[in-house]
Amino acid sequence: MGMTMTQKILAAHAGLAEVKAGQLIEADLDLVLGNDITTPVAVNEMKKMDNQTVFNHDKIALVMDHFIPNKDIKSAENCKCCREFACRHDITNYFDVGEMGIEHALLPEKGLVVAGDAVIGADSHTCTYGALGAFSTGVGSTDMAAGMVTGKAWFKVPSAIKFNLIGKPAKWVSGKDVILHIIGMIGVDGALYRSMEFVGEGIKNLSMDDRFTICNMAIEAGGKNGIFPVDEKTIEYLKEHSKRDFKVYEADPDAEYDEEYTIDLSELKPTVSFPHLPENTRTIDEVGDIAIDQVVIGSCTNGRIEDMRIAAEILKGRKVKKGLRCIVIPATQAIYLQSMKEGLLETFIEAGAVVSTPTCGPCLGGYMGILAEGERCVSTTNRNFVGRMGHVDSEIYLASPAVAAASAITGKVSGPAELGL
């Protein structure tokens, strides 16, 4: 049998002619990623190793994004640890206050990941970079430490699920709705340790930002990684953002897949994930009357420029419902600046929202939007587990920027249609 895209990338990085699902391999890495939470643990693990030198100071990226700017003494100590490590090892790609952004938006923007790469990151949403035709997956801090020292990682080659995307999504239907639909369809363990490979003529109707969002949430279906084929949009993005050479891998015609699904994008509706699992999805016409207290628009899932533009289009000339908190977080400094140039930040502020510097903050219940007991939030983030954004008796409704912005205006879970849009 032939190989999938993911299997071809892993075979190449393992120096093998072919690999099969279930095979254990050791693969060379193009990039090792850590953040301000996971890197200090990795640094401490490195101290236990005989070799405490990084394999390549250009191929490690450390992004301070979860509790930045520092929210307390502990977060300040974590960042100090990362900063000293980066200085000690002359880490080229160290991003701190003023340069940082949310890691999974920042790395593609900086051109640090390209098609054909093999990437590990000590953050579960490292699977985002599959949008660029790379193999990328989240690992623990111990594996990150080993990767920083050796430039290699062990993998069990994943089997794959094929998602054939056809049709064109309607206005206000985005990549977030696509992946929420898929997770609702197969469940949070429906792709457990498998590669989610997206193919089909419908891909041309998805922007790069849509694809980043879809791959970002592959882990929420249990996936080892998500990956898109490299097309003209991908190549255009790579040439704009990176000077690195890239390699395009294509699945063989006889590649083996555990399951195959066909999804007509034209039939999808804005979709909301109810508490307390991403698989608990309903379309916007099924949500009922659910009052909310807060809206968060941002994160590594939906903090990109298209997300900012969609939210601003809905909020422009309208007001956030009195008594409701709306927090907008551009994912990187560049996105923040572009939003400023386009007048989007002015739109948000005039609508009654607050705009934050880039941070993961509220997504993981860190800061900048903690929920109190009994409060409900519509969020463009990727997880709605119990207590994820604050009190264990709070609730998170995952949605697209369009739904989040509309909900901020109505004060309840709503789609743009309720505003006549």
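Numbers given for residues are sequential positions, taken from 1 along each chain in its written order. Note on the predicted model: pLDDT of at least 70 is required for a residue's local features to be given, and 80 or more for side-chain atom pairs to be given and counted; whole-chain, interface and lining totals, by contrast, use all residues. The basis for every side-chain value is the complete set of heavy atoms in the structure, and neither hydrogens nor water enter the calculation.

1. Side note on the overall build of the protein
At step 1: Only runs of H or I of at least four residues qualify as helices and only runs of E of at least two qualify as strands under DSSP, and these elements are numbered from the N terminus. Looking only at helices and strands, the protein features 13 helices and 18 strands.
At step 2: Only the C-alpha atoms count toward the radius of gyration. The rule for a globule is 2.2 Å times the residue count to the power 0.38. Relative to the globule expectation of 22 Å for 421 residues, the C-alpha radius of gyration of the protein, 20 Å, shows essentially globular dimensions.
At step 3: Projected onto the principal axes, the alpha-carbon positions of the protein cover approximately 60 × 50 × 40 Å.
At step 4: Exposure is judged per residue with a 1.4 Å probe applied to protein chains only, and the accessible area is read against the type maximum: over 50% gives exposed, under 20% gives buried, and values in between give partly exposed. In the protein, which comprises 421 residues, the share counted as buried stands at 59%.
At step 5: Any two residues whose heavy atoms approach within 4.5 Å at even a single point are treated as in contact. Pairs at least 24 apart in sequence give 76% of the contacts found in the protein among residues at least 6 apart.
At step 6: Note on areas: Shrake-Rupley, 1.4 Å probe, and residue coverage restricted to the protein chains presented here. Here the protein displays about 16100 Å² of accessible surface, and carbon together with sulfur accounts for 50% of that area.
At step 7: Between the mean site of the 41 positive side-chain charges and the mean site of the 57 negative ones, the protein shows a separation of 3 Å. All tallies of charge rest on Lys and Arg as positive and Asp and Glu as negative; His and the ends of each chain are not included. Charged groups are reduced to one reference atom each: NZ for lysine, CZ for arginine, CG for aspartic acid, CD for glutamic acid.

2. Here's the deal with the pattern of salt bridges
At step 1: A pairing counts as a salt bridge when a side-chain nitrogen of Lys or Arg comes within 4 Å of a carboxyl oxygen of Asp or Glu. This model, assessed by the stated rule, comprises 17 salt bridges.
At step 2: Note that Arg 194 and Asp 258 form a salt bridge whose closest N and O atoms lie 3.2 Å from each other. Of the two residues, Arg 194 is situated in the loop between helix H6 (175-186) and strand S9 (195-199) and Asp 258 in the loop between helix H8 (232-241) and strand S11 (259-264); the sequence distance between them amounts to 64 residues.
At step 3: Salt-bridge contacts for Arg 211 lead to Asp 231; the nearest nitrogen and oxygen are separated by 2.9 Å. Pair noted here: Arg 211 is in helix H7 (residues 208-216) and Asp 231 is in the loop between strand S10 (225-227) and H8, with a separation of 20 residues, a long-range link.
At step 4: A relative accessible area of 22% means that Asp 231 is categorised as partly exposed.
At step 5: Linked through salt bridges whose partners overlap, the residues forming this network are Arg 194, Asp 258 and Glu 259.

3. Brief notes about the UniProt feature "binding site: [4Fe-4S] cluster" (unreviewed entry) in the protein
At step 1: As annotated by UniProt and renumbered to match this structure, "binding site: [4Fe-4S] cluster" (unreviewed entry) occupies Cys 300, Cys 360 and Cys 363. Considering the C-alpha atoms alone, the annotated residues occupy 64 residues of sequence yet fold into one spot, their largest mutual distance being 9.2 Å.
At step 2: By secondary structure assignment, the location of Cys 360 is in the loop between strand S16 (354-355) and strand S17 (376-379).
At step 3: Those residues within four positions of Cys 360 in sequence are excluded, and the remaining contacts are Asp 65, His 66 and Ile 102.
At step 4: Residue placement: Cys 363 occurs in the loop between S16 and S17.
At step 5: For Cys 363, a relative accessible area of 8% gives the class buried. UniProt positions are given in the numbering used here, feature names are shortened, and annotations may be inferred rather than shown by experiment.

4. Thoughts on the pairing of strand S1 (residues 24-28)
At step 1: Judged by which residues are buried, S1 turns out to be one-sided: Ile 25 and Ala 27 face inward and are buried, whereas Leu 24, Glu 26 and Asp 28, on the alternate face, are not.
At step 2: We call two strands paired when DSSP finds no fewer than two bridges between them. Sheet analysis places S1 next to strand S7 (residues 152-156), joined by five bridges and oriented antiparallel. Within S7, the residue paired with Leu 24 across the bridge is Lys 156.

5. Comments concerning the domain arrangement of the protein
Reports of interface size often rely on the accessible area that becomes lost once the parts have come together.
At step 1: When the domains of the protein are assigned, the result is domain 1 (3-261) and domain 2 (269-417).
At step 2: For each domain, the first and last residues come from an automatic or database assignment. When each unit is reduced to the centre of its C-alpha atoms, the spacing between domain 1 and domain 2 is 24 Å.
At step 3: Taken together, the contacts link 39 residues of domain 1 with 42 residues of domain 2.
At step 4: Taken together, both faces of the contact between domain 1 and domain 2 bury some 3200 Å²; the carbon and sulfur share is 61%.
At step 5: Between Glu 313 and Lys 171 there is a salt bridge; the shortest N-O distance is 3.2 Å.
At step 6: Here a polar contact is recorded for every N or O atom pair within 3.5 Å, except that within protein the pair must consist of a potential hydrogen donor and a potential acceptor, and residues adjacent in sequence are included only if both atoms are side-chain atoms. Between domain 1 and domain 2 we count 26 residue pairs in polar contact (both at pLDDT 80 or more) in total.
At step 7: Elements that contribute at least two residues to the side of domain 1 that touches domain 2 include exactly helix H4 (103-109), H6 and H7.
At step 8: Per-element tally for the side of domain 1 that touches domain 2: the top contributor is H6, with six residues.
At step 9: Polar here means any residue other than Ala, Val, Leu, Ile, Met, Phe, Trp, Tyr, Cys and Pro, which are nonpolar, and Asp, Glu, Lys and Arg, which are charged; Gly is therefore polar. Looking at the side of domain 1 that touches domain 2 residue by residue, the class counts come to 16 nonpolar, 14 polar and nine charged. For any pair of parts, buried area is found by adding up, for both, the accessible area (1.4 Å probe) each one loses once the two are put together.

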